[in-house]
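An overview of the molecular structure
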Amino acid sequence: MKADHTTISKLVKIDYKSTDLQLAKLLSRLGTHEFDVFELRQRTGGNELVGTGNYLMVMNDLFEKLNITKRKYIKYLTVIQDMYNHIPYHNKTHATDVC
């Protein structure tokens, strides 16, 4: 599934602390057996890797600490995400799941 770049624009605006509480709840399960990467793929319009990377940066205040702009970071992750092959196993969904 190719990334939906309209959804990426929405991800840039999400702060996970107040704007999209359902997505924040889903992402808060990262690192647990309750985390559902396929639900995340659906909720982020096929941008599960971008959504996860953005979430981790926001929740750990890394944009401020590392002086990185969110928009530039999202573009960077989007390029990486789009480079993944569309194969059944080693793909962006798998990369997100092992993240």
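Residues numbered from 1 in each chain as written. Predicted model: local features only at pLDDT ≥ 70, side-chain atom pairs only at ≥ 80, totals over all residues. Heavy atoms only, no water.

1. Concerning the overall build of the protein chain
In terms of regular secondary structure, the protein chain is built from 7 helices and 0 strands. Overall, the protein chain shows an N-to-C arrangement of helices and strands of α-α-α-α-α-α-α. Split into buried and exposed, the 99 residues of the protein chain put 39% on the buried side. Roughly 6300 Å² of accessible area belongs to the protein chain as shown, and the carbon and sulfur atoms make up 55% of that amount. (Helix = DSSP H or I, 4+ residues; strand = E, 2+ residues; numbered from the N terminus. Buried < 20%, exposed > 50% of the residue type's maximum accessible area, 1.4 Å probe, protein only. Areas by Shrake-Rupley, 256 points an atom, 1.4 Å probe, with all protein chains shown as cover.)

2. A look at the confidence of the model for the protein chain
Overall, the prediction assigns the protein chain a mean pLDDT of 85, with 81% of residues at 70 or greater. Within the protein chain, the lowest mean pLDDT, 67, falls on helix 1 (residues 5–13), and the highest, 95, falls on helix 5 (residues 62–65). (pLDDT = per-residue confidence, 0-100.)

3. Observations regarding the packing of aromatic side chains
For the structure shown, the criterion picks out 1 aromatic pair. Taking the centre distance of 5.6 Å and the plane angle of 80° together, the rings of Phe63 and Tyr73 count as edge-to-face. With Phe63 in helix 5 and Tyr73 in helix 6 (residues 70–83), this pair connects stretches of sequence that are 10 residues apart. Of the two residues, Phe63 and Tyr73, neither departs from the other in class, the shared state being buried. (Phe/Tyr/Trp six-rings, centres within 6.5 Å; stacked < 30°, edge-to-face > 60°.)

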